[in-house]
Amino acid sequence: MAPLPISSIRVGQIDDVQELIKSKPNKVPERFIREEYERGVVVSSLKTQHLHHQIPVIDLSKLSKPQNDDFFFEILKLSQACEDWGFFQVINHGIEVEVVEDVEKVAKEFFDMPLEEKKKYPMEPGTVQGYGQAFIFSEDQKLDWCNMFALGVHPPQIRNPKLWPSKPARFSESLEGYSKEIRELCKRLLKYIAISLGLKEERFEEMFGEAVQAVRMNYYPPCSSPDLVLGLSPHSDGSALTVLQQSKNSCVGLQILKDNTWVPVKPLPNALVINIGDTIEVLSNGKYKSVEHRAVTNREKERLTIVTFYAPNYEVKIEPMSELVDDETNPCKYRSYNHGDYSYHYVSNKLQGKKSLDFAKILN
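Residues numbered from 1 in each chain as written. Predicted model: local features only at pLDDT ≥ 70, side-chain atom pairs only at ≥ 80, totals over all residues. Heavy atoms only, no water.

**Regarding the packing of aromatic side chains**
Link 1 in the chain: Overall, the coordinates contain 15 aromatic pairs when judged by the stated rule.
Link 2 in the chain: Centroid distance Phe111 to Tyr131: 6.3 Å. Interplanar angle 50 degrees. Geometry classified as tilted. Linking Phe111 in helix α5 (residues 97–111) with Tyr131 in strand β3 (residues 130–132), this pair joins segments that are 20 residues apart in sequence.
Link 3 in the chain: Since its relative accessible area comes to 1%, Phe111 is described here as buried.
Link 4 in the chain: An aromatic cluster is defined as three or more aromatic residues linked by ring pairs; in this entry it consists of Phe110, Phe111, Tyr121, Tyr131, Phe149, Phe171 and Tyr219.
Link 5 in the chain: For the cation-ring pair, Lys258 lies above Trp85, with the distance from its terminal atom to the ring centre recorded as 4.6 Å. (Phe/Tyr/Trp six-rings, centres within 6.5 Å; stacked < 30°, edge-to-face > 60°. Helix = DSSP H or I, 4+ residues; strand = E, 2+ residues; numbered from the N terminus. Buried < 20%, exposed > 50% of the residue type's maximum accessible area, 1.4 Å probe, protein only. Lys NZ or Arg CZ within 6 Å of the ring centre and 35° of its normal.)

Now the structure itself:
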């Protein structure tokens, strides 16, 4: 996946938000301040408490023994979660707490390094690997209150070895171990999602080929005026599945768009938050939806997340699965496309809700 020519992109001054709060803790530069319409409607605190408990929770231990009542009930819950929410949390996922805590530790250590050290691994304009801000394509584009560090993980050919840091010392080892566990989790989840769609359980793995896996670490420092900024602009993910891990003691920051209202998501202890990406929306012919989401900031508390994107190989053709299309009752809603072309299209545009998928929709 070649990036856009760097010379063609002028992004202007991009301030590092960690440095901003050190030098001017009570000032938010104009380029970070959003228009009022961009901030959207957030559910009231009373309704939020109720919705926190509505966001589906899938217990993977109940899916380890197929063909019993617990299994079928959990598959039904999974189907409803993918159809109604596009988001769910998984508990009892089998990843050791030590593995999770270790990758959180090295991620935080990376962000805590001096800026000059982090700038050795720059995210160049038009690319999505390295340290900085992604999806910036003009000098007047609003910026997110976030520092990012993103890496291609698997297969090896998507990696940029120059961007894998030598410090912290255990960074690469920790991320490798964590990513291997997340990769196996995604394979399991796709089997269960296939079953929930009435497909054979290996359907996704067979068509994905050597799946693509990338990771992005997001650090959201406190902001003196959190109501004026966004931590991450609204978007849906181009992946098949996205796995979000939020570090302990982080504030609530993820919000999903539900019934035209932004609903905060509070991760459960030791749970992982999963969301359906555009790829599964297309493969399921729209039965399962990728959902627009964003991140907000907090006046007093920082937030650290580690996000894994899992998707088909770039050579795979994506289109609604034939088993889920019926000319009379459920006609095809998306045209076929190459996943590599779509990935290039996705990373070559700024985050704008679900607009990245518009090109594939078949208009009636």
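Now that the structure has been shown, the text picks up again.
**Quick notes on the pairing of strand β7 (residues 241–246)**
Link 1 in the chain: With respect to burial, β7 is a largely interior element, six of its six residues being buried.
Link 2 in the chain: Covered by surrounding structure in β7 are Leu241, Val243 and Gln245 together with Thr242, Leu244 and Gln246, the residues of both alternating faces.
Link 3 in the chain: Bridging between β7 and strand β10 (residues 272–276) involves four bridges; their strand directions are antiparallel. Bridged to Leu241 within β10 is Ile276.
Link 4 in the chain: Here β7 runs beside strand β12 (residues 303–311); their pairing, made up of six bridges, is antiparallel. By the bridge assignment, Thr242 is partnered in β12 with Phe309. (Pairing = 2+ DSSP bridges.)

**Considering the sheet that holds strand β8 (residues 254–258)**
Link 1 in the chain: With respect to topology, four strands assemble into an open sheet ordered β6-β11-β8-β9, the strand pairing being antiparallel. Two strands close off the open sheet at either side, each with one partner strand: β6 (232–235) and β9 (261–264). Neighbour-to-neighbour, the strand axes of this sheet turn through a mean angle of 25 degrees, independent of strand direction.
Link 2 in the chain: Of the strand pairs in this sheet, β8 and β9 are connected by four bridges, and their pairing is antiparallel. The partner of Leu257 across the bridge, within β9, is Trp262. (Axes fitted to C-alpha atoms, helices over the stretch in contact; angles between N-to-C directions.)

**Considerations on the packing of helix α4 (residues 69–84) against helix α7 (residues 171–196)**
Link 1 in the chain: Relative orientation of the contacting elements α4 and α7 amounts to 90 degrees, with a least axis distance of 9 Å. In terms of orientation, α4 and α7 fall into the roughly perpendicular class. Every residue of α7 that contacts α4 at Phe71, Ile75, Leu78, Ser79 and Cys82 is listed here: Tyr192, Ile193, Ile195 and Ser196. (Parallel < 35°, antiparallel > 145°, perpendicular 65-115°, else oblique. Contact = heavy atoms within 4.5 Å.)

**Topic: the sheet that holds strand β5 (residues 212–220)**
Hydrogen bonds along the backbone pair up the strands of a sheet, which may run parallel or antiparallel.
Link 1 in the chain: Judged by pairing direction, the sheet is mixed, and its eight strands sit side by side in the order β1-β2-β10-β7-β12-β5-β4-β3 without closing on themselves. Each edge of the open sheet carries a strand with a single partner, namely β1 (57–59) and β3. Strand-to-strand twist of the sheet, defined as the mean angle between neighbouring strand axes without regard to direction, takes the value 25 degrees.
Link 2 in the chain: Running over the sheet, α5 touches β3, β4 (147–154), β5, β7 and β12 and is turned about 115 degrees from β12.

**Looking at the environment of Glu319**
Link 1 in the chain: Relative to the assigned elements, Glu319 resides in the loop between β13 (317–318) and β14 (337–338).
Link 2 in the chain: Given a relative accessible area of 33%, Glu319 falls into the partly exposed group.
Link 3 in the chain: Glu319 sits 92 residues away from Asp227 along the chain, and the two C-alpha atoms are 40 Å apart.
Link 4 in the chain: Dropping the residues within four chain positions of it, Glu319 is found in contact with Val282, Leu283 and Ser336.

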